[in-house]
Amino acid sequence: MIRASSVPRGQTVGVRVGAVMVGGGAPVVVQSMTNTDTADVAATVVQIGALAHAGSEIVRITVDGDEAAAAVPKIRARLDRRGVMVPLAGDFHYNGHQLLSDHSGLAEALEEYRINPGNVGFKDKKDRQFGIIIEMAMRHGKAVRIGGNWGSLDQELLTSLMEENARSKRPLDARAVTREAMLRSVLFTATRAEEMGLARDRIMLSAKVSGVQDLIAIYRELARRSDYALHLGLTEAGMGSKGIVASSAAIGILLQDGIGDTIRFSLTPEPGGDRTLEVKAAQELLQTMGFRNFAPLVAACPGCGRTTSTVFQELARDIQTWIAASMPVWRKTYPGVERLKVAIMGCIVNGPGESKHADIGISLPGTGEQPAAPVFVDGRRAVTLRGPMIAEDFKTLVQDYIRK
Ligand code: SF4
């Protein structure tokens with residue numbers, strides 16, 4: 001079975017979001033965000049349900065106007081009736097103070113309020129509008145994420161830092177100044193929230209940018225300067241493999257440094273595409289790095305000229321699909337099954353060796369090899385499968401192993 005990683009987590013102050021603990025040494029939390037119109041209660045409930053079912057432990061929804069704000073308590077009630085208990089975070093920009101004040105039930109239905117220090121208010125209004133949100137969080141016992149974003153930085157702060165930098169004897173480049181503006185913006189806003197009375201164990205920070213190196217630099221500095229729980233995410237990561245690779249690189253490096261308490265993969269889905277991909281990608285990153293276990297890991301070799309038949313690829317795909325389909329039942333019946341490691345290898349070159357490192361592994365015959373597939377259990381050769389039923393026979397062995 002795969003062991004948990006020994007990489008120490010940074011010492012952040014834990015924040016409770018509903019029943020989910022973020023930071024304070026808790027396992028790294030996977031979260032996601034809907035892309036439905038929140039005012040469309042039915043569609044939003046369906047998508048939240050799908051994200052929660054895929055493993056999202058917090059789901060954020062846009063709350064951008066009166067219709068969306070009025071829909072949130074209805075969404076919460078419908079989720080509760082369906083037994084979907086995932087905590088909801090409300091994403092506020094510009095008018096969060098107004099919506100939280102005007103819509104009864106909104107403040108209670110959300111477990112976390114995300115506010116953007118770049119647009120919570122301007123000049124003299126800023127403190128008052130921000131204060132209303134903080135007061136609502138304190139009154140209802142909710143968490144607040146102060147979420148800075150490269151694309152909506154506090155322009156006043158940025159301009160003053162640019163001017164300060166221009167007067168400096170050793171000026172920084174423009175990106176470094178922008179990073180500093182983001183850091184100061186979220187840290188100053190967090191300090192202000194505490195001055196207003198919000199406890200530190202209610203505050204999370206994020207400082208999202210779209211460049212991998214910028215993100216790593218900002219979060220390393222954020223972790224050095226504070227002990228607030230940190231939400232990691234590369235904003236506008238992009239579509240398909242580009243988004244997954246960029247998010248994995250940035251978030252993976254930070255997690256390896258012990259930085260980050262909750263993660264979100266901000267992937268752009270294909271039109272009509274599967275929103276839950278961002279949850280699966282985040283889970284897979286955490287599992288492959290050894291931080292958490294969500295589902296049995298299937299290790300398969302890439303195949304090469306030694307695997308000209310399709311038996312190997314078909315078995316790898318079948319096992320993966322079968323495990324995913326079986327997990328809802330297995331998780332209840334076989335505690336710890338998510339730590340299982342299965343290997344499916346294409347030939348004798350690396351097959352037996354890799355299979356021995358798994359809990360259970362099979363080495364299929366490559367081109368020109370004897371038509372026999374040795375199966376290894378806990379590092380030892382247990383049985384050799386032959387004939388047209390290898391896939392089914394191997395599944396039976398995996399099932400037997402899980403039962404034991
Ligand atoms: Fe190719 Fe065999 Fe290596 Fe798989 S284990 S990649 S089939 S050489």
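Residues numbered from 1 in each chain as written. Predicted model: local features only at pLDDT ≥ 70, side-chain atom pairs only at ≥ 80, totals over all residues. Heavy atoms only, no water.

Tallied over the entire structure, the rule returns two aromatic pairs. When the centroid spacing of 6.1 Å and the interplanar angle of 85 degrees are considered together, the rings of phenylalanine 92 and tyrosine 113 count as edge-to-face. Of this pair, phenylalanine 92 sits in strand β5 (residues 88-92) while tyrosine 113 sits in strand β6 (residues 112-115), and the two are 21 residues apart along the sequence. Their ring planes at 85 degrees and their centres at 5.2 Å tell us that tryptophan 322 and tryptophan 330 sit as a pair that is edge-to-face. The class for tryptophan 330 is buried, based on a relative accessible area of 4%. Above the plane of the ring of tyrosine 228 lies arginine 200, whose end atom (NZ or CZ) is 4.4 Å from the centre. (Phe/Tyr/Trp six-rings, centres within 6.5 Å; stacked < 30°, edge-to-face > 60°. Helix = DSSP H or I, 4+ residues; strand = E, 2+ residues; numbered from the N terminus. Buried < 20%, exposed > 50% of the residue type's maximum accessible area, 1.4 Å probe, protein only. Lys NZ or Arg CZ within 6 Å of the ring centre and 35° of its normal.)

With twelve residues, helix α10 (residues 277-288) extends 16 Å from end C-alpha to end C-alpha; this agrees with the ideal 16 Å at 1.5 Å per step. Buried residues along α10 sit against β3 (29-33), α1 (41-54), α9 (240-256), β11 (262-263), β12 (267-268) and β13 (297-300). Count one or two residues on from α10 and you reach glycine 290, which has phi positive near 80 degrees. (Expected span 1.5 Å × (residues − 1). Contact = heavy atoms within 4.5 Å.)

This part covers unusual backbone geometry. One non-glycine residue with positive phi stands out, namely tyrosine 94, at about 65 degrees. For tyrosine 94, the position within the fold is in the loop between β5 and α3 (96-102). Looking at tyrosine 94, the relative accessible area reads 55%, which means it is exposed. Residue aspartate 378 is not a glycine yet carries a positive backbone phi of 50 degrees. Here aspartate 378 is to be found in the loop between β16 (373-377) and β17 (380-385).

This next bit is on the sheet that holds β6. Two pairing modes exist for strands in a sheet, parallel and antiparallel, and in both the strands are linked by backbone hydrogen bonds. Judged by pairing direction, the barrel is parallel, and its eight strands sit side by side in the order β3-β4-β5-β6-β7-β8-β9-β11 before closing back on the first. Of the strand pairs in this sheet, β3 and β11 are connected by two bridges, and their pairing is parallel. Bridge pairing in β11 places valine 29 opposite threonine 262. Its contacts with the sheet place α1 against β3, β4 (58-62) and β5, and it is angled at close to 155 degrees to β4. (Pairing = 2+ DSSP bridges. Axes fitted to C-alpha atoms, helices over the stretch in contact; angles between N-to-C directions.)

Moving on to a positive patch on the surface. Together, Lys74, Arg78, Arg81 and Arg82 line one region of the surface with positive charge. Structurally, arginine 82 can be placed in the loop between α2 (66-81) and β5. Arginine 82 gets classed as exposed once you look at its relative accessible area, which sits at 53%. (Patch = residues over 30% accessible without salt bridge, like charges linked within 9 Å, V, L, I, M, F, W, Y side chains within 5 Å. Areas by Shrake-Rupley, 256 points an atom, 1.4 Å probe, with all protein chains shown as cover. Salt bridge = Lys/Arg side-chain N within 4 Å of Asp/Glu carboxyl O. Lys, Arg positive; Asp, Glu negative; His and termini not counted. Charge placed at Lys NZ, Arg CZ, Asp CG, Glu CD.)

With their axes 10 Å apart at the nearest point, helix α5 (residues 124-140) and helix α7 (residues 174-195) run at an angle of 60 degrees to one another. When the axes of α5 and α7 are compared, the crossing they make is right-handed. For the pair α5 and α7, the contacting residues are Asp127, Phe130 and Ile134 in the first and Thr189, Arg192 and Ala193 in the second. For the contact of α5 with α7, the residue count by class is three nonpolar, one polar and two charged. (Left-handed = near helix turned anticlockwise from the far one by under 90°. Nonpolar A, V, L, I, M, F, W, Y, C, P; charged D, E, K, R; others polar.)

Around the ligand sit Cys301, Gly303, Cys304, Arg306, Thr307, Met345, Gly346, Cys347, Val349 and Asn350, and those are all the residues in its vicinity. Classifying every residue of the shell around the ligand by side-chain character gives five nonpolar, four polar and one charged. (Near = heavy atom within 4 Å.)

So, about the packing of helix α11 (residues 311-333) against helix α13 (residues 390-403). One way to put it is that α11 packs onto α13 with a least axis distance of 11 Å and a crossing angle of 35 degrees. With respect to the hand of their crossing, α11 and α13 are arranged in right-handed fashion. When α11 is examined against α13, the residues Leu315, Asp318, Ile319, Trp322 and Trp330 are found in contact with a partner set consisting of Ala391, Phe394, Lys395, Val398, Gln399 and Ile402. Taken together, the residues of the contact of α11 with α13 sort by class into eight nonpolar, one polar and two charged.

What follows concerns the UniProt feature "binding site: [4Fe-4S] cluster" (unreviewed entry) in the protein. Here the UniProt-annotated "binding site: [4Fe-4S] cluster" (unreviewed entry) positions come out as Cys301, Cys304, Cys347 and Glu354. Structurally, cysteine 304 can be placed in the loop between β13 and α11. Residue classification places cysteine 304 among the partly exposed positions, given a relative accessible area of 47%. The residue cysteine 347 is located in the loop between β14 (341-345) and α12 (351-357) in this model. Residues contacting cysteine 347, with those up to four places away along its chain left out, are Arg306, Pro352, Ser363, Leu364, Gly366 and Glu369. (UniProt positions renumbered as here; feature names shortened; annotations may be inferred.)

Turning next to α2. Taking 1.5 Å per residue as the helical rise, α2 with its 16 residues ought to reach 22 Å, and the 24 Å between its terminal C-alpha atoms agrees with that figure. Valine 72 marks where α2 bends most, by close to 30 degrees; the proline proline 73 follows one to four residues later. Looking only at α2, the buried set comprises Ala68, Ala69, Ala71, Val72, Ile75, Arg76 and Leu79. Just beyond α2, the residue with positive phi is glycine 83, at close to 80 degrees. (Bend = angle between axes of the 7 residues up to and from the residue.)

The next thing to look at is the confidence of the model for the protein. Residues at a pLDDT of 70 or more form 97% of the protein, whose mean pLDDT is 92. The model gives residues 1-5 a pLDDT under 50, and that stretch makes 14 contacts with residues more than four places away or in other chains. Complex prediction metrics read pTM 0.91 and ipTM 0.98. (pLDDT = per-residue confidence, 0-100.)

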